[in-house]
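# Per-entry structural report
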Amino acid sequence: MTEHRTITPATPTLPDAQTVTQVTHWTDSLFSFRCTRPRSLRFRSGEFVMLGLMGENGKPLLRAYSIASPAWDDELEFYSIKVPDGPLTSRLQHIRPGDQIILRPKPVGTLVLDALLPGERLWFFATGTGIAPFASLMRDPETYEKYDQVIMMHTCREAADLEYGRSLVESLPSDPLIGEFVGDKLKYYPTTTQEPTARMGRITDNLTSGRVFADLGLSPITPAVDRGMVCGSLAFNTDMKAVLEGFGLREGANSDPAEYVVEKAFVG
Ligand code: A2P
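On a predicted model such as this, the values are computed, not experimentally measured, just so you know.

## Notes on the overall build of the chain
Per the secondary structure count, the chain includes 8 helices and 12 strands. In terms of C-alpha radius of gyration, the chain reaches 18 Å, essentially the compact-globule figure of 18 Å for 268 residues. Counting only C-alpha atoms and orienting by the principal axes, one finds that the chain spans roughly 55 × 40 × 35 Å. Within the chain, contacts between residues at least 6 apart in sequence are counted, and of these 72% link residues at least 24 apart. Approximately 11,800 Å² of the chain is accessible, and the part contributed by carbon and sulfur atoms is 52%. Both charge centroids of the chain, one from 27 positive and one from 34 negative side chains, sit 4 Å from each other.

Below you can see the structure in the form of structure tokens.
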């Protein structure tokens, strides 16, 4: 992991420009970055915005990115894959502190606490960079005010791909701002599917086999108790919907809260 940080952001000059303050490369194909936050930007943890760079044709090249930082943070954080021939991420992966990015301050999304009916346990199900909205929600005091237990299931092909989430989760109980809210409410269940590690398997399989409940000492998912949020590839989301419907949960939305919500993880 390599990290670059700067303290004094340059003055933005482009419309909707924000200044990069920190970049962390987690693997050859994953990085996170922080940038200044527009004063006008109010968002709910779990939402996404459009961000990017100025294209060579002078038009902004923007993609949807979940905000990974919590609503109370002075800065914004994002977590991204690096696609070698991706129009945006092939360039975005080279940003350095002091560089400018374009960010449209219009947050939207379905992975918000308001889209769920009250419950006791909240499950976050993510593959790959789909953990980004949960990096925000896991740092939001409201998550712990509304739920007795929060379970973060994250699956990647290899162990190194889990590190962004792992280091965040491990930092939370002792975090000076959010630690007292987190307490012992947050349970973490990371697995790999391609590299042999202590815990393996797809989230869907670990739910349907009951293995995750046995490993964490929890009762199986039931609509009276559990709420879920899903963020991953299209195939993962489709399969997860079937699994959660199998447990009796119904899909909700901002306008019609229910027991679970789904959003596709964005690829730049
Ligand atoms: P697997 O290695 O068994 O395909 P990807 O990089 O392809 O998006 O996958 C990220 C992670 O999500 C991998 O661990 C992958 O497992 C898992 N995954 C992909 N598709 C599904 C699915 N339909 N259901 C459950 N897990 C999935």
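## Notes on the pattern of salt bridges
According to the stated counting rule, one finds 15 salt bridges in the structure shown. Across the pair D73 and R34 runs a salt bridge whose closest N-O atoms are separated by 2.9 Å. A residue pair is termed long-range when its members are at least 10 positions apart, and D73 in the loop between β5 (60–66) and β6 (75–81) and R34 in strand β3 (residues 30–36) qualify at 39 residues. A salt bridge links R44 to E47, with the shortest nitrogen-to-oxygen separation between them at 3.4 Å.

## Points about the site of the ligand
Around the ligand, the surrounding shell consists of T127, T155, C156, R157, T193, Q194, R202, T204, A235, F236 and D239. With respect to the ligand, the side chain of Q194 contributes an N or O atom lying 2.4 Å from an oxygen atom. One of the side-chain nitrogen or oxygen atoms of D239 is found 2.8 Å away from a nitrogen atom of the ligand. Contact with the protein chains hides 77% of the accessible area of the ligand, taken as 550 Å² for the molecule alone. Those elements that place two or more of their residues in the shell around the ligand are β9 (149–156) and α8 (234–246).

## Topic: the domain arrangement of the chain
For the chain, the assigned domains read domain 1 (2–107) and domain 2 (113–262). When each unit is reduced to the centre of its C-alpha atoms, the spacing between domain 1 and domain 2 is 25 Å. Of the roughly 1,600 Å² buried between domain 1 and domain 2, counting both surfaces, carbon and sulfur atoms make up 60%. Counting every contact that joins domain 1 to domain 2 gives 2 salt bridges. Close ionic contact of R139 with E77 constitutes a salt bridge, the shortest N to O distance being 3.1 Å.

## Quick word on the side chain of D161
By the element assignment, D161 lies in the loop between β9 and α4 (163–171). One buried charged residue, D161, forms no salt bridge at all, with the nearest opposite charge on R157 at 6.5 Å. Sequence-distant contacts of D161, defined by excluding residues within four places in its chain, comprise T27, L30, Y79, H154 and C156.

## Concerning the sheet that holds β9
Sheet architecture is open: 5 strands sit in the order β10-β9-β8-β11-β12, paired in parallel fashion. The open sheet has two edge strands with one neighbour each: β10 (186–192) and β12 (260–264). Taking each pair of neighbouring strands and ignoring which way they run, the sheet shows an average axis angle of 10°. In this sheet, β9 lies alongside strand β8 (residues 121–127) in parallel orientation, the contact comprising 7 bridges. Of the residues in β9, the one forming a bridge with F125 is M153. Sheet contacts for α8: β8, β11 (226–232) and β12; angle to β11, the most-contacted strand, approximately 165°.

## Here we look at the nonpolar core
Across soluble globular proteins, you tend to see nonpolar side chains buried next to one another. Formed by 36 residues in total, the largest nonpolar core has its most connected members in F124, F134, M138, M152, L186 and M229. For this core, the elements supplying multiple residues, two or more each, are β8, α2 (132–137), β9, α4, β10 and β11. Looking at this core element by element, the count peaks at 4 residues for α2. A domain-level breakdown of this core finds at least three residues from each of domain 1 (2–107) and domain 2 (113–262). Excluding its chain neighbours within four sequence positions, the residues that come into contact with F134 are L111, F124, F125, A126, M152, M229, V230 and C231.

Rules and cut-offs
- Residues numbered from 1 in each chain as written.
- Predicted model: local features only at pLDDT ≥ 70, side-chain atom pairs only at ≥ 80, totals over all residues.
- Heavy atoms only, no water.
- Helix = DSSP H or I, 4+ residues; strand = E, 2+ residues; numbered from the N terminus.
- Rg over C-alpha atoms; globule rule 2.2 N^0.38 Å.
- Contact = heavy atoms within 4.5 Å.
- Areas by Shrake-Rupley, 256 points an atom, 1.4 Å probe, with all protein chains shown as cover.
- Lys, Arg positive; Asp, Glu negative; His and termini not counted.
- Charge placed at Lys NZ, Arg CZ, Asp CG, Glu CD.
- Salt bridge = Lys/Arg side-chain N within 4 Å of Asp/Glu carboxyl O.
- Near = heavy atom within 4 Å.
- Polar contact = N/O pair within 3.5 Å; in protein donor to acceptor, adjacent residues only side chain to side chain.
- Domains from an automatic or database assignment.
- Buried area = accessible area lost by both parts, 1.4 Å probe.
- Buried < 20%, exposed > 50% of the residue type's maximum accessible area, 1.4 Å probe, protein only.
- Pairing = 2+ DSSP bridges.
- Axes fitted to C-alpha atoms, helices over the stretch in contact; angles between N-to-C directions.
- Core = buried A, V, L, I, M, F, W, Y, C linked by side-chain atoms within 4.5 Å.

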